[in-house]
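These are the residues of each chain, in order.
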Amino acid sequence: MEKRDNRQFFVNILASILAFIVNAGIQFFVTPILTKNVGDEAYSFITIANDFTSFAGIFASILNSVAARFISVEFYKKNKDKAEQYYSSIFIGNIIISIILAILACVFILSYTHILNVSKELIPDVTVIFIITFANYILSVLISIFTVSTYVKNRIDIASSRNIASYIIKLLVIILLFVFMPEVKVYYIALATFFSTVFLGISNSYVAKKIMPEIRLNVKSFSPKLIVELLKTGIWMSINNLSNVLANNLTTVIINLYISANRAGFYSVALTIPNCVNTFAYAVYNVFVPTYVRLYAEGKKDELIQYCKFSMNIMSFLLCVPFIVLCIVSKDFLNLWQSYRSDLEINEMAIIMSLAVTLVIIYTPLLPLSQLGLTANKVKVQMVNNIFVSFTSLVVVMLGIKVLNWDLIGIPLATLIVQGFKWIFFTPIYAAWVIGAKKVTFFRSNIKIVIAESIIFIVMYFMHKLFNIKGWVELIICIGFLSILGYIMMFIIIFPKSQKKRFINGIKRLGGKL
């Protein structure tokens, strides 16, 4: 990796971390206020509304999931005219998709009371949630093409800074609503999110024009032929998106239908922090993908393999350590964060939270590798495997609830076992195959990471017992001590000497730039 790229990489990482901190902070302060004032049932429909937009995302992803890859490849190959054709064609395609999604959203909003369990007194507020959430998603589809510029130019830090600004706007809107409105409403988060998305649309379109002036929106550049080319790959990525929906976005709906709306809300609260952690992992792994695409397009196979191993180690080092700490202190954290709940509820919520975060720990080092199939434009086998595993996970959960009378804890446990197997055994082997490396190339690296994580967890678990946590100060001190210990251990165990030097040099250059 060139010095400039290395420095930009660390800038991108730092920006992604700051974006996560701001977003997680909003969730941290807002969730207890909402659940205490509107109840678990009402809160569940925030998650359910977002889950239903994920169904719409299956359709929208046919074009947008491959946009950055195709535009980047042509850009790096100096085919600026073709890159502009892709850019303009996808934008026009998104307009058509948005119109279709708006029609489907209207149909759903008029009929959702016949599908979901919802108390009569909540119907007006829940309807507002669905209207705003669908409007926000349709707007995000329209403006999604503008985010490609930061990907192509490897300026993820700019995208993260815009995200930070949007989160601040979201927080300000929420505060204004809480202060000046007569009562707390469950749709306040959806409304604040809509305003933040409007800001992103305006700011990202400006950024696209500024950092990527070589490529402009041009109606005359629209090409039905290129749309068809995008669809050939995009249809497989939409299948992958379907697999993600089956694995992650149906659970709350299933709980609403087969257990109760109130328990669905409880489960949504339990997954608030794991969802933040998951979003963080996905935000950080995107930092590596532009370099994947560039190295692959330039035919630098050996350099790509080494960079892939480096990305696995960085993801493990930066993210898995705090995630492990989160699992260990989950009960202490929830006792303080959800202090109005009973000990029985706290214990159940802590188990659900820890199981969900454990799955994130498993796949975090492998997330960058999951994009190698798209990078090499070899996605069919990966997508078929993903849909099979996700369908299996969904069936196991539904059978557990309907036949075995599972309560909530069985759901994340089943998901952890089924999805964890896929990530550990399929993803690293397939990633090596698509770029022509030995099949065990990344599998061996990942086993080393798993062993390191296990050792760190055991040491931290026993060190945690030395602390008597009664309040936030003690919790913060405990988290700080465990994190420092974990980072030292992880750095020593997983990084070879060459990567240690690269990492330290990158931090020094970042410090010099800041």
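Look above for the structure.
Rules used throughout
- Residues numbered from 1 in each chain as written.
- Predicted model: local features only at pLDDT ≥ 70, side-chain atom pairs only at ≥ 80, totals over all residues.
- Heavy atoms only, no water.
- Phe/Tyr/Trp six-rings, centres within 6.5 Å; stacked < 30°, edge-to-face > 60°.
- Helix = DSSP H or I, 4+ residues; strand = E, 2+ residues; numbered from the N terminus.
- Buried < 20%, exposed > 50% of the residue type's maximum accessible area, 1.4 Å probe, protein only.
- Contact = heavy atoms within 4.5 Å.

Peer 1: Just checking my understanding: could you explain the packing of aromatic side chains for this structure?
Peer 2: Both the distance between ring centres and the angle between the ring planes are used here to describe each pair of aromatic rings. Within this structure, the stated rule accounts for 36 aromatic pairs. Aromatic side chains Phe 108 and Phe 134 sit 5.7 Å apart centroid to centroid with 65° between the ring planes, which places their arrangement in the edge-to-face category. Here Phe 134 lies in helix H3 (residues 123–143) and Phe 108 lies in helix H2 (residues 80–111), a separation of 26 residues in the sequence. Of the two residues, Phe 108 and Phe 134, neither departs from the other in class, the shared state being buried. Arranged with centres 4.8 Å apart and planes meeting at 40°, the rings of Phe 421 and Phe 425 form a pair that is tilted.

Peer 1: For this particular structure, what's the right way to read the environment of Lys 422?
Peer 2: With respect to the helices, strands and loops of the structure, Lys 422 is situated in helix H17 (residues 410–434). The spacing of Lys 422 and Tyr 363 is 59 residues in sequence and 9.3 Å in space, taken between C-alpha atoms. Aside from chain neighbours lying at most four places away, what touches Lys 422 is Asn 385, Asn 386, Val 389 and Thr 427.

Peer 1: Just checking my understanding: could you explain unusual backbone geometry for this structure?
Peer 2: Working note: non-glycine residues mostly have negative phi, and peptide bonds are mostly trans. For Asn 377, which is not glycine, the phi dihedral falls at a positive 60°. Its place among the elements puts Asn 377 in the loop between helix H15 (372–375) and helix H16 (380–402). Owing to a relative accessible area of 34%, Asn 377 belongs among the partly exposed residues under this scheme.

Peer 1: Please explain the side chain of Asp 125 as it appears in this structure.
Peer 2: Residue placement: Asp 125 occurs in helix H3. Owing to a relative accessible area of 17%, Asp 125 belongs among the buried residues under this scheme.

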